[in-house]
Amino acid sequence: MHYGDRRPEGLPHDPFKAIVAPRPIGWIGTRNADGVPNLAPYSFFNGIGTGPHMICFSSMGPKHSFVNAKDRRDFTFSLATEPLVAAMNATSDSVPDGANEFRLAGLTEGQSVEVAAPFVAESPAALECVTLSATRLKDRHGNPTDAHLVIGEVVHTHIRDEFIRDGRFDVTLARTLSRLGYMDYATITETWELARP
Ligand SMILES: Cc1cc2nc3c(=O)[nH]c(=O)nc-3n(C[C@H](O)[C@H](O)[C@H](O)COP(=O)(O)O)c2cc1C
């Protein structure tokens, strides 16, 4: 099958997220205007550069994480892993601005070194970021869309020492989560190597 704007009846649910998968989950920490911590998962998330390291996430509508990262000019990423899945999911709940999702999910606020936003201390790895841009994306006709994209430069990295094996961050030890389509998730339990030509 193939289709444009109109999805065939045989596909009652949009397969887009199942096709663009697996996606890493950016567990985004910010502070609101009053300094109250905010935490939420974003799977429209990825690393987009190494010189300097840059990451991005996209909010469908100007959610708290977008507004906070835009206004306060910083945010954190914490790695979402299988042992933390219940807490990660809990932080996706719609709660009013000013509700501290670290506290609601029973998580510890890790104190950042270079930015104000906290990170998830229980997570195997976290990145502190300075916001480079926070913009509402436009479609091909120039019309504004729901997607609000934040790009950040990584200024500090946290890794819990027990997840380093032979000088490498071990994703199978961390049991890194990824988001698939529908209600599906996957855990990284196995990796293999391939040398570049
Ligand atoms: C695994 C997962 C991934 C998610 N990814 C996104 C995403 O990429 N963009 C988005 O707008 N919402 C996403 N959500 C929903 C947000 O986490 C949810 O709307 C949350 O309440 C936003 O919180 P905030 O307003 O504090 O930023 C995701 C939820 C889950 C559980």
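K.L.:
Sorry if this is basic, but what is going on with the side chain of Arg-31 here?
P.N.:
Checked against the element boundaries, Arg-31 lands in strand β2 (residues 26-31). Within the structure, the side chain of Arg-31 is placed 2.9 Å from the backbone oxygen of Gly-35, a separation counted as a polar contact. Of the polar contacts made by the side chain of Arg-31, one reaches the backbone oxygen of Ala-116; its length is 2.6 Å. Those residues in contact with Arg-31 that sit more than four places away from it in its chain are Val-36, Pro-37, Asn-68, Arg-72, Gln-111, Ala-116, Ala-117 and Pro-118.

K.L.:
I keep staring at unusual backbone geometry and nothing clicks. Help me out?
P.N.:
Leaving glycine aside, a negative phi is the common case for residues, and trans is the common case for peptide bonds. A cis amide bond, omega 0°, links Ala-21 with the succeeding residue Pro-22. Residue placement: Pro-22 occurs in the loop between α1 (16-19) and β1 (23-24). Residue Pro-52 is bonded to the preceding Gly-51 through a cis peptide linkage, with omega at 5°. The topology assignment puts Pro-52 in the loop between β4 (45-50) and β5 (53-60). Of note in the backbone geometry, Arg-175 takes a positive phi value of approximately 55° without being a glycine. In this structure, Arg-175 sits in the loop between α5 (171-174) and β13 (177-179). Take Arg-175: its relative accessible area is 30%, and that puts it in the partly exposed class. Phi at Tyr-182 takes a positive value of approximately 55°, unusual for a residue other than glycine.

Here is what the cut-offs are and how they apply
Residues numbered from 1 in each chain as written. Predicted model: local features only at pLDDT ≥ 70, side-chain atom pairs only at ≥ 80, totals over all residues. Heavy atoms only, no water. Helix = DSSP H or I, 4+ residues; strand = E, 2+ residues; numbered from the N terminus. Polar contact = N/O pair within 3.5 Å; in protein donor to acceptor, adjacent residues only side chain to side chain. Contact = heavy atoms within 4.5 Å. Buried < 20%, exposed > 50% of the residue type's maximum accessible area, 1.4 Å probe, protein only.

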